[in-house]
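Letter by letter, the chains look like this.
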Amino acid sequence: MAGNINASGNIILTALGQSADFSTCNGPIATSGGSIFINAGAVGFDSSIIDINHDLSAAAGSVNVISLGLLASSVSFNNAAVNAGTTVNIVSGAGAASDINFTNSPVTAGGNISILTGALATSDVNIGTGSAINSTGGSVTIASGSLIDSDVVIDSNVTGATFVDITSAAFLGGSERIDIGNGATIQGGSGNASGNGVILNSDTVNLGANATVATTASAILFEGGNRLNVAFGTGAQVTSVGGNIDFNTNGSPTAINITGGTNGLISSNGGTGTVGLNGAGNAVLVDINQINGCIIGTGSSI
């Protein structure tokens, strides 16, 4: 445990060893001129837990929180604000059941923000209420485990000055999903090298009531691995400014099922852009309230 630490240079806190844990105590950890590095566990060993319950601040540097464990090696933030002048890097254990959780814990960085869970199954990212993620000068990348049944659940706003890239594992085609909760907004800015400001990679994307996916100067891409199911709740919308909206890229078609009935708005660049439905040899079904834009696409049926 460590806390109530102030420094002008780097702060390095390491709990090494089999099943080694780390937690904060007694107050914030802050540096005015360096970076913060918190590491726990050992490669190849399970159950290394990191609990951050106090603020982390690196005014001129980066904040790095990494669980080195294998299975069941999670990272949790509770009532703890994270602020970095440059980048934020948060990584949970390399194996299954290694979640990252935020509760009343906003993250703000001047550069890129990276939130990555374990590479195997059932390693989720849960961004709870009061935990807005905001990169004022870079991108936000959020990814759950790379195999199966690893979800990304977002109940706070996520904003990237360049782009926001969210991936829920779809390698083996399980029940993984991206859930954008009621009233939450995912917003990208100028876009990545491909011109996309928001990229949502998952077989299933659920938009809750009044949830918004938007860009200010770039395109939006929904990308399925084995299929692409997108569900719109009441008042949910996908709105691009300065770019088009695509459901699958031309080179990676899957069946597409976009639902909402009397709910749901898709608006591509104020109605002057395209809405691409790339199903190729697969069925494409769209049943929502309103689409503003020119619909283009391929499929065995549309």
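Every chain is numbered on its own, with residues counted from 1 as its sequence reads. Local features in a predicted model are, by the rule used here, given only for residues with pLDDT of at least 70; side-chain atom pairs are given and counted only at 80 or more, and totals for whole chains, interfaces and linings are based on all residues. Processing note: side-chain calculations cover all non-hydrogen atoms of the structure and skip hydrogens and water entirely.

K.L.:
Run through the overall build of the protein chain, naming residues and quoting values.
P.N.:
A run of DSSP states H or I qualifies as a helix once it reaches four residues; a run of E qualifies as a strand once it reaches two. Both are numbered from the N-terminal end. Across its full length, the protein chain holds zero helices and 35 strands. Radius of gyration (C-alpha) of the protein chain: 20 Å, near the 19 Å computed for a compact globule of 302 residues. Along the first, second and third principal axes, the C-alpha set of the protein chain runs to 60 × 35 × 30 Å. For each residue, the accessible area found with a 1.4 Å probe, counting protein chains only, is set against the maximum for its type, and the residue is called buried under 20%, exposed over 50%, and partly exposed in between. A buried classification covers 50% of the 302 residues belonging to the protein chain. About 10,900 Å² of surface is accessible on the protein chain, with carbon and sulfur atoms providing 52% of the total. Radius of gyration: C-alpha atoms only; globule rule: 2.2 Å multiplied by the number of residues to the exponent 0.38. With residues, only the protein chains shown are counted as cover, and all accessible areas are computed by Shrake-Rupley using a 1.4 Å probe.

K.L.:
An account of the sheet that holds strand 2 (residues 11-16) is requested, with residue identities and associated values reported.
P.N.:
Strand order in the open sheet formed by 12 strands is 2-5-8-11-14-17-20-23-26-29-32-35, with parallel pairing between adjacent strands. The open sheet has two free edges, formed respectively by strand 2 and strand 35 (294-298), since each of these has just one partner strand. Taking the axes of each pair of neighbouring strands and ignoring which way they run, one obtains an average angle of 5° across the sheet. Strands pair, by our definition, only if DSSP identifies at least two bridges between them. For helices, the fitted line uses only the C-alpha atoms of the stretch in contact; every axis is such a line through C-alpha atoms, and the angle between N-to-C directions lies from 0 to 180 degrees.

K.L.:
Now, about the environment of Gly-225: what can you tell me, with residues and values included?
P.N.:
Tracing the backbone shows Gly-225 in the loop between strand 26 (219-223) and strand 27 (228-232). With 23 residues separating them in the primary sequence, Gly-225 and Ser-202 have C-alpha atoms 6.5 Å apart. The contact definition used throughout considers only heavy atoms, calling two residues in contact when any of these lie within 4.5 Å. Excluding its chain neighbours within four sequence positions, the residues that come into contact with Gly-225 are Asp-203 and Thr-254.

K.L.:
I'd like a description of the side chain of Thr-204, backed by residues and values.
P.N.:
Looking at the secondary structure, you find Thr-204 in strand 24 (residues 204-207). Thr-204 gets classed as buried once you look at its relative accessible area, which sits at 16%. Filtering out sequence-adjacent residues up to four positions away, Thr-204 remains in contact with Glu-176, Arg-177, Ile-178 and Asn-229.

K.L.:
Now, about the environment of Gly-293: what can you tell me, with residues and values included?
P.N.:
The topology assignment puts Gly-293 in the loop between strand 34 (290-292) and strand 35. In this structure Gly-293 comes out as partly exposed when scored by relative accessible area, which is 27%. Sequence-wise, Gly-293 and Thr-272 are 21 residues apart; in three dimensions their C-alpha atoms are separated by 5.6 Å. Setting aside its immediate chain neighbours within four residues, Gly-293 contacts Gly-271 and Gly-273.

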